[in-house]
Amino acid sequence: MNDLTHLDSSGTARMVDVGGKTETHRVAIARGLIRMSAATLEAIRNGNAPKGDVLGPARIAGIMAAKKTGDLIPLCHPLALDAVNVDFAFVADGIECTATASLSGRTGVEMEALTAVSLALLTIYDMAKALDRGMVIESVRLIEKRGGKSGTWRAPE
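Residues numbered from 1 in each chain as written. Predicted model: local features only at pLDDT ≥ 70, side-chain atom pairs only at ≥ 80, totals over all residues. Heavy atoms only, no water.

1. Let's talk about the environment of Arg-31
Looking at the element boundaries, Arg-31 is found in strand S1 (residues 24–35). With a relative accessible area of 28%, Arg-31 lands in the partly exposed category. Separated by 68 residues in sequence, Arg-31 and Ala-99 have C-alpha atoms that sit 6.4 Å apart. In this structure, Arg-31 is in contact with Glu-96, Cys-97, Thr-98, Val-117, Ser-139, Val-140, Arg-141 and Ile-143, ignoring residues within four places of it in sequence. A polar contact is formed between the side chain of Arg-31 and the side chain of Thr-98, at a distance of 3.0 Å. (Helix = DSSP H or I, 4+ residues; strand = E, 2+ residues; numbered from the N terminus. Buried < 20%, exposed > 50% of the residue type's maximum accessible area, 1.4 Å probe, protein only. Contact = heavy atoms within 4.5 Å. Polar contact = N/O pair within 3.5 Å; in protein donor to acceptor, adjacent residues only side chain to side chain.)

Structural data, given as structure tokens:
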């Protein structure tokens, strides 16, 4: 069990001690998708969903969520992020969300990027559920991470 970083020698959950790690510039990019009906997609694109602008609040929710990741996920370190960007792209049957989180620090920002995408997509659902309760959030995943001891990793295409 001692190969598992979040368990001590007796199997008890613990927060990893990153105090001895070297600070490096770290970046993580995550992506996810929310699928919806054509009418809902059009309403969001035109800004006339029942709750108004959908993507503005979703962007803010994603940024705020990244900043709160250490409060939401039990063994994550609270991080002083340098930047969080949340972007949206309209696709054929939905909206793709991409979040990038970065910092100079001792631990990665993968969870912050993934949390940003997840909450941004949940906010889109909340803002548009009056139009389409059948929306589906899917494919939330890490696309790329850079920095730290393990260097760069990219998801296979």
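The rest of the description comes next.
2. Let's talk about the side chain of Glu-112
Relative to the elements of secondary structure, Glu-112 occurs in helix H4 (residues 110–128). We note that Glu-112 is buried and unpaired, the nearest opposite charge coming from Arg-26 at a distance of 9.9 Å. Beyond its immediate stretch of four places on either side in the chain, Glu-112 contacts Ala-66, Thr-69, His-77, Leu-79, Leu-81 and Ala-101. (Lys, Arg positive; Asp, Glu negative; His and termini not counted. Salt bridge = Lys/Arg side-chain N within 4 Å of Asp/Glu carboxyl O.)

3. Remarks on the nonpolar core
Ranked by internal contacts, the top residues of the largest apolar core, which has 31 residues, are Met-36, Ile-44, Val-86, Phe-88, Ile-95 and Ile-124. Listed by contribution, the elements that provide at least two residues to this core are S1, helix H1 (38–46), helix H2 (55–67), strand S2 (83–91), strand S3 (94–105) and H4. If you tally residues by element for this core, the top one is H4, at 9 residues. Among all residues touching Ile-124, those that are not within four sequence positions of it are Ile-34, Met-36, Ile-44, Val-54, Leu-55, Ala-58, Phe-88, Ile-95 and Met-135. (Core = buried A, V, L, I, M, F, W, Y, C linked by side-chain atoms within 4.5 Å.)

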